[in-house]
Amino acid sequence: MKLNSIGLNQNKTKDIAKDVNELLANFQIYYQNLRGIHWNIKGKRFFDLHVKFEELYTDANIKVDEIAERILTLGETPWHTFDDYTKLAKVPIGKNISQDEKAVRLIIESLSELLKIERQILDKTDEAKDEGTNSMMSDFITEQEKTVWMMKAWLGETV
């Protein structure tokens, strides 16, 4: 078993980086969705949601950078074209969403897909003893679960 410079199995790391690239692609779609609903939201809840969506897209933008840097740390190249992103999209693509409940449902659906990908990565990183990626996924999962709960509460629903 050959180890890379951060002490991880090179073969497992390559496989993990591929999955993290898939997460990157889906996070980019999520980020664009957030930008779109931030720009296009209308109605009586505009002021509250406009601010909330900006908060979410700012956070997503930071996470996109962290994910790309983790891929580089693992010794691979982050995918960076919209062609890559749309081919790998599991996150629904929202278009022309301006109604509050549709926007919030898009966020919930998007986060649900991201959580699935992150949990798959978490399983692989645990087995590979990749604590750096594992910790990142764990942190993302904790935050996103809370956001799903809050969005569901806003809709008057339970998780």
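Here the structure is shown first, and the text comes after it.
Keep in mind that what you see is a predicted model, and the values were worked out from it rather than measured. Chains are numbered independently. Their residues run from 1 in the order of the written sequence. In view of the model being predicted, local features appear only for residues whose pLDDT reaches at least 70, and side-chain atom pairs are presented and counted only at 80 or more, with totals across whole chains, interfaces and linings using the full set of residues. Only hydrogens and water are set aside; all other atoms, that is, all heavy atoms of the structure, feed into the side-chain values.

### Let's talk about the overall build of the protein
Worth spelling out the cut-off: Put simply, DSSP H or I for four residues or longer makes a helix, DSSP E for two residues or longer makes a strand, and each gets a number counted from the N terminus. The globule rule used for comparison is 2.2 Å times the number of residues to the exponent 0.38, while the radius of gyration itself is calculated over C-alpha atoms. Only protein chains enter the accessibility calculation, which uses a 1.4 Å probe. A residue is then buried if its area is under 20% of the maximum for its type, exposed if over 50%, and partly exposed in between.
Scanning the protein from terminus to terminus reveals five helices and zero strands. For the protein, the succession of helices and strands along the chain, N to C, is α-α-α-α-α. For the protein, the C-alpha radius of gyration of 17 Å lies close to 15 Å, the compact-globule estimate for 159 residues. Projected onto the principal axes, the alpha-carbon positions of the protein cover approximately 60 × 30 × 20 Å. With 159 residues in all, the protein has 45% of them scored as buried.

### Comments concerning helix α5 (residues 131-155)
To keep it simple, the criterion reads: To estimate how far a helix should extend, the number of its residues minus one is multiplied by 1.5 Å. A contact between two residues is defined here by any heavy atoms of the two lying within 4.5 Å.
With 25 residues, α5 should cover 36 Å at 1.5 Å per step; its first-to-last C-alpha distance of 36 Å lies within 8% of that length. Three or more residues of α5 are buried, namely T133, N134, M136, M137, F140, I141, Q144, T147, V148, M151, K152 and L155. Residues of α5 that are buried make contact with α1 (10-40), α2 (46-73) and α4 (100-128). Taken from the residues just after α5, G156 is the one with a positive phi, measuring 80 degrees.

### Some points on the packing of aromatic side chains
Both the distance between ring centres and the angle between the ring planes are used here to describe each pair of aromatic rings. Quick note on the threshold: Any Phe, Tyr or Trp ring, taking Trp's six-membered ring, that has another such ring centre within 6.5 Å forms a pair; planes under 30 degrees apart are called stacked, those over 60 apart edge-to-face, and the others tilted.
Enumeration over the complete set of coordinates arrives at five aromatic pairs. Relative to F140, the ring of F27 has its centre 5.8 Å away and its plane inclined at 55 degrees; by these criteria the two rings are tilted. Pair noted here: F27 is in helix α1 and F140 is in helix α5, with a separation of 113 residues, a long-range link. Per residue, the accessibility class of F27 equals that of F140, and both read buried. Centroid distance Y31 to Y57: 6.1 Å. Interplanar angle 85 degrees. Geometry classified as edge-to-face. Note that Y31 is positioned in helix α1 and Y57 in helix α2, a separation of 26 residues in sequence. Given a relative accessible area of 12%, Y31 falls into the buried group.

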